[in-house]
Amino acid sequence: MSRNVLVVGGTGWVGEEIVSQLLAMNDNVTLLVHNANTNYKNVQTIKSDISNNEQIKSDLNDRSFEVIFHVASLPGDTGDPRQMMDVNVSGLLNLLEFAKETKVKSFILSSSISALEWYPATKFNKPDYLPVDEKHPCRPKDMYASTKRMQELLALSFYYQYKVPITILRLTAVIGPKGRGGGRGYFDMAKMLKERETVTIPHFNEEELCHYIDIRDAARMHLIASEHEKAIGEIFNCCGSNPTTGKEFGDAIKKYIPEINVKCGFPWSMAQGGEISFSMEKAKDMIGFVPKYSIDDSVKSIIEWIDSPDYETFDKNDISFGDGVLN
């Protein structure tokens, strides 16, 4: 049976993949976006500003949805603390209030493992233990990570106090083609792969251990969580089955482009030369989610994209922070 679904931030990188998978399931999808330009047919689009409560109330008046996917956050620290709070925190508050009033059946919040602490722009601190599970202490130290943790606390407050059916997914480094927003670094990597000479990977050295999630798995976990009653009121890590060393990342590339020179030292890296990995046991045990795609599969998908006609028509100017609601 098809569901009426609202995707907040549905034109963002992860949001678009969620929308594609929802449409494949024949759900009725509505997008709430800051920029109304979309590539979808048979999808209603609402152009609004999530940080403006009165505008949100007006634009969503008399509407209701069974499921809301909130994928609308600034995908990194913009350097403007007030903007970070307005979009990431107040924007979420406005949608939570809408969800409370309209009695949604599932509200999926896209958070980040940065809510725990780790964000490439800040100094790396070793975790208390590996793999990191959902019970690890949260120690955010910058505006992006702090607003992601604030989102989690705010959403859980609406669950405990108002019974809004919240589920929170902490995404690790998402990887896939068409990188933009939070994945904009992968577009730079794709350009280097396209030239087939030298590519710099997001590891400071070959021994560094990082953890990725293929964009297809990230979206699939959103859909599975939205259908599972046991997911309500819970936080889940969202990452691949296994972490990846710099050498394994480089080997995956050379499997498909043997002649390319692989270098470490991409401008950002989650572990910054150290080690980070996350446990997916909770998601497996509670909602039956198991990632499908390996780092090899993710690299292959990027290479297939750069060799396709779609790469040539991709809007290469639309890869930065965007206009405020792209994740």
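These numbers were taken from a predicted model, which means no experiment stands behind them. (Residues numbered from 1 in each chain as written. Predicted model: local features only at pLDDT ≥ 70, side-chain atom pairs only at ≥ 80, totals over all residues. Heavy atoms only, no water.)

**A word on the overall build of the protein**
- Broken down by element type, the protein carries ten helices and 13 strands.
- Relative to the 2.2 N^0.38 estimate, which gives 20 Å for 327 residues, the radius of gyration of the protein is 19 Å and therefore close to what a compact globule would have.
- Considering only C-alpha atoms, the protein reaches an extent of 60 × 45 × 40 Å along its principal axes.
- Across the 327 residues that make up the protein, the buried fraction comes to 54%.
- Nonlocal contacts in the protein, meaning residues at least 24 apart in sequence, comprise 78% of its contacts between residues at least 6 apart.
- Carbon and sulfur atoms make up 47% of the accessible area of the protein, which totals about 14,000 Å².
- Both charge centroids of the protein, one from 36 positive and one from 45 negative side chains, sit 2 Å from each other. (Helix = DSSP H or I, 4+ residues; strand = E, 2+ residues; numbered from the N terminus. Rg over C-alpha atoms; globule rule 2.2 N^0.38 Å. Buried < 20%, exposed > 50% of the residue type's maximum accessible area, 1.4 Å probe, protein only. Contact = heavy atoms within 4.5 Å. Areas by Shrake-Rupley, 256 points an atom, 1.4 Å probe, with all protein chains shown as cover. Lys, Arg positive; Asp, Glu negative; His and termini not counted. Charge placed at Lys NZ, Arg CZ, Asp CG, Glu CD.)

**Quick notes on the sheet that holds strand S2 (residues 28-33)**
- Strand order across the open sheet formed by seven strands is S3-S2-S1-S4-S5-S6-S11, with parallel pairing between neighbours. The strands lining the two open edges of the sheet, one partner per strand, are strand S3 (44-47) and strand S11 (234-238). Recorded for the sheet is a direction-independent mean angle of 20° between the axes of neighbouring strands.
- Bridge count for S2 against S3 is four bridges, and the pairing is parallel. Considered in S3, the bridge of Thr30 is made with Gln44. (Pairing = 2+ DSSP bridges. Axes fitted to C-alpha atoms, helices over the stretch in contact; angles between N-to-C directions.)

**Details of the packing of helix H5 (residues 184-195) against helix H9 (residues 295-306)**
- Two elements in contact, H5 and H9, have axes separated by 10 Å at closest approach and are oriented at 65°. The two elements H5 and H9 cross, and the hand of that crossing is right-handed. Residues Phe187, Met189, Ala190, Leu193 and Lys194 of H5 pack against Ile302, Ile303, Trp305 and Ile306 of H9.
- Each residue belonging to the contact of H5 with H9 can be placed in one class, and the counts come to eight nonpolar, no polar and one charged. (Left-handed = near helix turned anticlockwise from the far one by under 90°. Nonpolar A, V, L, I, M, F, W, Y, C, P; charged D, E, K, R; others polar.)

**Section: unusual backbone geometry**
- Between Leu130 and the following residue, Pro131, the backbone shows a cis peptide bond with an omega angle of -10°.
- One can find Pro131 in the loop between strand S5 (106-112) and helix H4 (143-162).
- For Arg196, which is not glycine, the phi torsion reads 60° and is therefore positive.
- Structurally, Arg196 is set in the loop between H5 and strand S8 (198-201).
- Positive phi is not limited to glycine here, since Gln272 has a value of about 50°.
- The residue Gln272 is located in the loop between strand S13 (261-264) and helix H8 (281-287) in this model.

**Some remarks on the packing of aromatic side chains**
- With the rule as written, the count across this model stands at twelve aromatic pairs.
- Considering the side-chain rings of Phe187 and Phe314, the 5.5 Å spacing of their centres and the 40° angle between planes classify their relative orientation as tilted. One end of the pair, Phe187, is in helix H5; the other, Phe314, is in the segment after helix H10 (309-313), and 127 residues separate them in sequence.
- In this structure Phe314 comes out as buried when scored by relative accessible area, which is 14%.
- Members of the aromatic cluster, each reached through a chain of ring pairs, are Phe187, Trp305, Tyr311 and Phe314.
- Lying over the aromatic face of Tyr162, Lys100 brings its terminal NZ or CZ to 5.0 Å of the ring centre.
- The ring of Phe236 has Lys282 lying over it, and the distance from NZ or CZ to the ring centre is 5.2 Å. (Phe/Tyr/Trp six-rings, centres within 6.5 Å; stacked < 30°, edge-to-face > 60°. Lys NZ or Arg CZ within 6 Å of the ring centre and 35° of its normal.)

**Considering the side chain of Ser114**
- Relative to the helices and strands, Ser114 is located in the loop between S5 and H4.
- By relative accessible area, which is 2% here, Ser114 ends up buried.

**Description of the environment of Ala218**
- Along the polypeptide, Ala218 turns up in helix H6 (residues 215-226).
- The spacing of Ala218 and Ser110 is 108 residues in sequence and 9.6 Å in space, taken between C-alpha atoms.
- Among residues more than four places away in sequence, those in contact with Ala218 are Leu171, Ile213 and Cys238.

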